[in-house]
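Inside the fold
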Amino acid sequence: MSTIPDQRGRFGDFGGRYVPETLMPAILELEQAYAKARQDRAFQAEFAGYLKRFVGRPTSLYFAERLTMRLGGARIYLKREDLCHTGAHKINNSIGQALLAIRMKKTRVIAETGAGQHGVATATAAAMFGLACEIYMGTEDMQRQALNVFRMRLLGATVTGVEAGSRTLKDAINEAMRDWTTNVRTTNYILGSVLGPHPYPMMIRDFQSVIGREARKQILALEGKLPDCLVACVGGGSNSIGLFHAFLKDKQVKMVGVEAAGLGVESGKHAARFAGGRPGVLHGTMTYLLQDEDGQVNLTHSVSAGLDYAAVGPEHSYYHDTGRIHYTSATDDEAMAAFDVLAREEGIVPALESAHAVAEVVKLAPRLKKRQVIIVNLSGRGDKDVQQVARIKGVTL
Amino acid sequence: MINRLDATFDRLRADGRKALIAYIMAGDPSLQETETLVLELEKAGADVIELGVPFSDPIADGPVIQAAAERALRSGTSLRKILGTVASLRARTQVPLVLMAYYNTIHAMGEATFCRLAAEAGVDGLIVPDMPPEEAGPLEGPASVAGLRLIYLLAPTSTPARRTMVARRSRGFVYYVSLTGITGAKLTDVGDVRRNVEKIRSVTDVPVAVGFGIATPQDASRVAEIADGVIVGTAIVRQIGEHQQDPHMPERVGRLVRSLKSAMAGTAVPSA
């Protein structure tokens, strides 16, 4: 188990908890409850049971033979988080936090969502456990992801549109934090990524690190050795830290996190925090942040709503500065091309978020030797993006 | 040098009176108007003036103050320019000025640089709504050196241990948040506020001011019976927002503040 963060939720210079006093007691309560659950075998067994029977874990590690042949370099494996119930890795975390909410005797859960995947996952977990559920979503995102809004409502959740600011993910988080501030005594806030105040970045990493533990075992069984390189997209960074975490001590395993370069980093319309940001505080944590010189948070752009956020998880900032993880970015166009390649070569339509990771593999694999091995995290499936992709391609459905 | 904030609370306490603390968003609708408004608020009886520093993601604030922050940012307001406004005001008024700034705006300038420049400009105190004392390390030292009072918040949810820790570290005054919610919510349980203010008083001699949810003269009067200071923000900011185009907007705001002040005057009792 990792020795970071420290007691104060610090990953080196990053992390911490920058929240209004009204929330501090709730955050301390959550920290204590999670510290207990983390050591409690019964909790861990219950969590593992739901991951197996409800989510469908372990997800397969799939050798992408045709993609490997086409690129002509390293052997490419896909960690198939797209096969999780609800279509993405997000459900791992929602189940974990919903179980914790029940332990804490909270009867209501709330969540923010951008693309809708975390909202759907949380609405699903809430339905399964019988918890009241309210999801905050920017009205701009509600328009872009109308299908997921309807899915959440089918699952019994209340979906509340947020009109403030840019009407996207960051505004949804602002509103969810305000709800939590107001209803803190009955409500648990199920945050969707390794963001926010301590203990969220640590807790969500722990819940998602099942991805890497499985992948490590699977690749050892399949290849008889550790992979040479891991690749994953980084929005908040939960699927990537989930894959990477079990390999951090394996010094020979390289790791690449792929941010959204949008229309290009030089265009200013992107979400590449390491290329274009500097440390600052947003939503309770100190981390790399896209901001102007006065500390106002910049608007971001990506074709993928799940990567379209101005800050990155604090643990990523730490590994960026130590050099353990290398961060790069893929543009909207590169992601769209990778989306097509994976659909046609492998019969798998990836989420646009995951397509950013595939775009990096398309660049990286040909430069590696044929005996080398890459694992790419296919964090979600692309069903939710089909309408948007059609729109971008100018196709009327 | 004597801090204006401390001097004001000492003077009011000696007179058995309570402080009216008025909040406006700096730069809403412009920094020039902010200067006019500060002078108007003082004339109308505000004892302390809180200047909000606009931030793009104000998680502790409700929609009225968020909208004000958006207007202020559109008018080109920045922390640096606000300090310029404070410096210019200091030629005309000695009313205590407290900045309410989200942490990132201070961090972007640099904690030590900010404290030095703020004190030079004539700022007396500082409230950082998203910075609990646990994260205040980089700011407490420079603030203390510069003579800026770092004011912490307590909430109805704060546990006894936190209440003691936060109250003892707070300088200038303790900001008691009257409700579990955001700015602009409605005050419902004055009895609860009274009990919590008494508990805070039992662990510190620093004045206790109550904010969030105080909108009407009646609210102000009820809270003035309990606390050393009454903080009114959203009700004032709403007036400013609704009458942006009205040349008499500052006088309208002045009338509101006068009504709050006179309601408080009717109920003043010496504090414990």
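Remember, predicted model here, so these are calculated numbers, not experimental data.

A separate point is the overall build of chain B. Within chain B, the regular secondary structure consists of 12 helices and 9 strands. The C-alpha atoms of chain B give a radius of gyration of 17 Å, which matches the 19 Å a tight globule of 272 residues would have. With the C-alpha coordinates aligned to their principal axes, the bounding extent of chain B is approximately 45 × 40 × 35 Å. Scored against the burial criterion, the 272 residues of chain B give a buried share of 62%. When the accessible surface of chain B is summed, it comes to about 9800 Å², and 52% of that surface belongs to carbon and sulfur atoms.

Our next topic: empty space enclosed by the protein. Residues and elements named next belong to chain A. Under the defined criterion, the tally for this structure stands at 6 cavities of 30 Å³ or more. Of all elements in the fold, only strand 5 (108–113), helix 5 (117–129), helix 8 (169–183), helix 11 (238–244) and helix 15 (352–364) reach the threshold of two or more residues within the lining of the largest cavity. Partitioning the lining of the largest cavity into residue classes produces 11 nonpolar, 18 polar and 5 charged.

Before going further, it helps to examine the pairing of strand 1 (residues 19–25) of chain B. All names here are of chain B. Across the 7 residues that make up strand 1, a large majority, 7, are buried. Side chains of strand 1 alternate between two faces, with Ala19, Ile21, Tyr23 and Met25 and Leu20, Ala22 and Ile24 buried alike. Across 4 bridges, strand 1 lies against strand 9 (residues 229–232) in parallel orientation. Of the residues in strand 9, the one forming a bridge with Leu20 is Val230. Crossover handedness for the path strand 1 to helix 2 (residues 31–44) to strand 2 (residues 48–52): right-handed.

We now examine the pairing of strand 3 (residues 97–100) of chain B. Residue and element names in this part refer to chain B. Neither face of strand 3 is open: one carries Leu97 and Leu99, the other Val98 and Met100, and all of them are buried. Here strand 2 runs beside strand 3; their pairing, made up of 4 bridges, is parallel. Residue Glu50 lies in a different strand from strand 3, and its bridge partner there is Val98.

The next subject is the packing of helix 4 (residues 90–103) of chain A against helix 5 of chain A. All names here are of chain A. Running from amino to carboxyl end, helix 4 crosses helix 5 at an angle of 40 degrees, the nearest separation of the two axes being 9 Å. On the basis of the axis angle, helix 4 is oblique to helix 5. With respect to the hand of their crossing, helix 4 and helix 5 are arranged in right-handed fashion. Along its contact with helix 4, which presents Lys90, Ile91, Asn93, Ser94, Ile95, Ala98, Leu99 and Ile102, the element helix 5 presents Gln117, His118, Ala121, Thr122, Thr124, Ala125, Met128 and Phe129.

Let us now look at the nonpolar core. In terms of nonpolar packing, the biggest core is built from 170 residues, with Leu100, Trp180 and Tyr189 of chain A together with Leu51, Leu99, Phe114 and Ile236 of chain B touching the most fellow members. Considering each element in turn, this core owes the most residues, 7 residues, to helix 1 (residues 24–39) of chain A. Ignoring anything within four residues of it in the chain, the contact list for Leu99 of chain B reads Leu51, Val53, Leu79, Ile82, Leu83, Phe114, Val123, Gly125, Leu126 and Ile127 of chain B. By size, the runner-up hydrophobic cluster in this structure holds 28 residues, among which are Leu67, Leu71, Cys229 and Ile374 of chain A.

This part covers a nonpolar patch on the surface. A cluster of nonpolar residues, Val349, Val386, Val395 and Leu397 of chain A, forms a patch on the protein surface that exposes about 360 Å² of accessible area. Position of Val386 of chain A relative to the elements: it lies in helix 16 (residues 386–392).

This part takes up helix 1 of chain A. Residue pairs three or four apart in sequence face the same way in an α-helix, which turns once every 3.6 residues. Look at helix 1 of chain A: 23 Å from first C-alpha to last across 16 residues, which is about the 22 Å you get at 1.5 Å a residue. Within helix 1 of chain A the residues assigned to the buried category are Met24, Pro25, Ala26, Ile27, Leu30, Glu31, Ala33, Tyr34, Ala37 and Arg38 of chain A. Next to the buried residues of helix 1 of chain A lie helix 2 (41–55), helix 4, helix 8, strand 8 (187–189) and helix 9 (200–208) of chain A together with helix 8 (160–169) of chain B.

What counts and how
- Residues numbered from 1 in each chain as written.
- Chains lettered and ligands numbered in written order.
- Predicted model: local features only at pLDDT ≥ 70, side-chain atom pairs only at ≥ 80, totals over all residues.
- Heavy atoms only, no water.
- Helix = DSSP H or I, 4+ residues; strand = E, 2+ residues; numbered from the N terminus.
- Rg over C-alpha atoms; globule rule 2.2 N^0.38 Å.
- Buried < 20%, exposed > 50% of the residue type's maximum accessible area, 1.4 Å probe, protein only.
- Areas by Shrake-Rupley, 256 points an atom, 1.4 Å probe, with all protein chains shown as cover.
- 1 Å grid on protein atoms, 1.4 Å probe; cavity = no way out; pocket = protein on both sides within 12 Å on 5 of 7 lines; lining within 4 Å.
- Points joined across faces, edges and corners; volume = space filled by probe spheres on them.
- Nonpolar A, V, L, I, M, F, W, Y, C, P; charged D, E, K, R; others polar.
- Pairing = 2+ DSSP bridges.
- Right-handed = clockwise from strand over helix to strand, strands pointing away.
- Axes fitted to C-alpha atoms, helices over the stretch in contact; angles between N-to-C directions.
- Parallel < 35°, antiparallel > 145°, perpendicular 65-115°, else oblique.
- Left-handed = near helix turned anticlockwise from the far one by under 90°.
- Contact = heavy atoms within 4.5 Å.
- Core = buried A, V, L, I, M, F, W, Y, C linked by side-chain atoms within 4.5 Å.
- Patch = residues over 30% accessible without salt bridge, like charges linked within 9 Å, V, L, I, M, F, W, Y side chains within 5 Å.
- Salt bridge = Lys/Arg side-chain N within 4 Å of Asp/Glu carboxyl O.
- Expected span 1.5 Å × (residues − 1).

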